[in-house]
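# Remarks on the overall topology
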Amino acid sequence: MVDLVLRSRRAVTPDGERPAAVSVRGGRIVAVGAYEASVDAAEVVDLGELALLPGLVDTHVHVNEPGRTEWEGFATATRAAAAGGVTAIVDMPLNSLPPTVTADALVVKKDAAAGKIHVDVGFWGGAIPGNAADLPALHAAGVYGFKAFLADSGVPEFPPLDAGQLAEAFAAVPALFVVHAEDADHLHAAVPSSAYADFLASRPPHAEHAAVATAIEAARAAGARLHILHLSAAGALPLIAAARADGVRVTAETCPHYLTLDAAEIPAGATEFKCCPPIRDAANRDELWSALAEGLITCVVSDHSPCTPDLKRRDTGDFAAAWGGIASVQLGLPVVWTAARARGHSLADVVAWMAHRPADLVGLEGKGRIAVGADADLVAFDPDATFVVDPARLHHRNPVTPYAGKTLTGVVRTTWLRGRAVTGDAPQGRFLIREVS
Ligand SMILES: [Zn+2]
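Below is a summary of the structure that appears in this document. (Residues numbered from 1 in each chain as written. Predicted model: local features only at pLDDT ≥ 70, side-chain atom pairs only at ≥ 80, totals over all residues. Heavy atoms only, no water.)

### So, the overall build of the protein chain
Helix and strand content of the protein chain: 11 helices and 17 strands. Taking 437 residues into account, the globule formula puts the C-alpha radius of gyration at 22 Å, and the protein chain, at 21 Å, falls close to it. When the backbone C-alpha atoms are referred to their principal axes, the protein chain occupies close to 65 × 45 × 45 Å. Per-residue burial for the protein chain yields a buried fraction of 59% across its 437 residues. In the protein chain, once contacts between residues fewer than 6 apart in sequence are set aside, the share between residues at least 24 apart is 75%. (Helix = DSSP H or I, 4+ residues; strand = E, 2+ residues; numbered from the N terminus. Rg over C-alpha atoms; globule rule 2.2 N^0.38 Å. Buried < 20%, exposed > 50% of the residue type's maximum accessible area, 1.4 Å probe, protein only. Contact = heavy atoms within 4.5 Å.)

Structure below.
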């Protein structure tokens, strides 16, 4: 007798898409059998032609609580995640106060999240100037690795590292380092302007190329494990390919906005499109898709980075003054699926990019896949249904989005966390703690 059986004609398993019956007991997948298989179960749900996906794993989410909870909090971010088919997030160490740069700060953050989370939540630590000695204890406390910036992060309490400080952090702890790769020396002060092109010109591709090169050289020298966050400039891809060929342990991710938006189409004053690194041109976007198809970019994650609407400065439309960040944890799946499908990719590709590879990045072997032994984190997804993005239907605390009014394909019908449908009532999320070996 199992607790739940989900039948789908389109279950996306590690072997590809196929009809299957997924049996769940005690929150885990205990069998993946034939669609018609007769199973003794307390509850049977037949999804028919709806796809059954593993819950997505979003390793790049800024929750901001405590300290900037008015930007986003654990209750709203995780509710939005569940509505978007995301069942595990890993929270970034900055924009909350305190930033997660010591083991004590991790305790503060977990206290703030306790009892509020609708999906599972893990944490990144932060590497900032002067905290190298704190990194081993923070790592031992269960963070999945450390984020560092090579340019201004936007908040004063999370300063960037220079190349020497990055090397010092690498030497302090044998961890996964995830780097915001823009080089301060190649960025220009943005002039006050409502023209997107002016903002874009202040953050040229060379800033990413230079920072990727710096991070790769530091990782090569230290033998460190490096992951490039939110890659936008496709011109940095050959550096990553060459380093990998040389045996440097480096991977890269990109985000839904870099894959689907086009700098030339951003309206004047539309600061909801501002993020760093910036959205670039359509030719660059095509190169990002090629890198995904080749496996050079391994993951697509949201970089959900909200703020209050006033900080977006929609009143003046000044890109220089507006906070940079796009909130999309609830929309990443349909945004990516809409474009992926048009480019000939399968649902299995999207699941690889957004579920099992992000899980693998942080070592979550029991997440992001429909396989025996994995957590029963599952999503009923209608891959053919369309909808128009209505910000009022987003669970983000501040429903500001560049996707407003866009027609997207793919609707999340139900999300299960460890075999229980997420309804928004009693939060059932758990903390994810890196297994310390
Ligand atoms: Zn980010």
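Still more ground to cover, so stick around.
### Observations concerning the sheet that holds strand 8 (residues 120-123)
Spatially, the 3 strands line up as an open sheet ordered 6-7-8, and their pairing is parallel. Sheet topology places strand 6 (56-61) and strand 8 at the edges, where each strand pairs with a single neighbour. The sheet shows a mean angle of 25 degrees between the axes of neighbouring strands, direction not considered. One ladder, built from 4 bridges, connects strand 7 (residues 86-91) with strand 8; its direction is parallel. (Pairing = 2+ DSSP bridges. Axes fitted to C-alpha atoms, helices over the stretch in contact; angles between N-to-C directions.)

### Observations regarding the pairing of strand 6
Among the 6 residues that make up strand 6, 6 are buried, leaving the element largely enclosed by the rest of the structure. Pairing analysis gives 4 bridges linking strand 6 to strand 7, with the strands arranged parallel. Bridge assignment links Asp-58 to a residue of strand 7, and that residue is Ile-89.

### Some remarks on the sheet that holds strand 13 (residues 250-254)
Read across the open sheet, the 6 strands follow the order 9-10-11-12-13-14; overall the sheet is parallel. At either end of the open sheet lies a strand with only one pairing partner, and these are strand 9 (125-126) and strand 14 (299-300).

### Quick notes on the packing of helix 10 (residues 332-342) against helix 11 (residues 347-361)
Across the interface, helix 10 lies against helix 11 with an axial gap of 10 Å and an inter-helix angle of 135 degrees. By the angle between their directions, the pair helix 10 and helix 11 is classed as oblique. Handedness of the helix 10/helix 11 crossing: right-handed. On helix 11, the residues that touch Gly-332, Leu-333, Val-336, Trp-337 and Ala-340 of helix 10 are Leu-347, Val-350, Trp-353 and Met-354. Its residues placed into classes, the contact of helix 10 with helix 11 shows 8 nonpolar, 1 polar and no charged. (Parallel < 35°, antiparallel > 145°, perpendicular 65-115°, else oblique. Left-handed = near helix turned anticlockwise from the far one by under 90°. Nonpolar A, V, L, I, M, F, W, Y, C, P; charged D, E, K, R; others polar.)

### With respect to unusual backbone geometry
Negative phi values dominate among residues other than glycine, just as trans dominates among peptide bonds. At the junction of Leu-97 and Pro-98, the peptide bond is cis and its omega measures out at 0 degrees in the coordinates. Here the phi dihedral of Asn-64 falls at roughly 80 degrees; this positive angle occurs in a residue that is not glycine. Of note, Asn-64 is situated in the loop between strand 6 and helix 1 (74-83). Phi at Arg-313 takes a positive value of approximately 50 degrees, unusual for a residue other than glycine.

### Structural notes on the coordination of the zinc ion
Taken together, the protein ligands of the zinc ion are His-60 (NE2), His-62 (NE2) and Asp-303 (OD), with distances of 2.1 Å. Written as a sequence motif, the donor arrangement for the zinc ion is H-x1-H-x240-D. Here His-60, found in strand 6, pairs with Asp-303, found in the loop between strand 14 and helix 10; they are 243 residues apart in sequence, far enough to count as distant. For His-60, a relative accessible area of 0% corresponds to the buried category. Accessibility expressed as a relative area gives 8% for Asp-303, which makes it buried. (Donors = N, O, S within 2.8 Å, 3.2 Å for Na, K, Ca; no water.)

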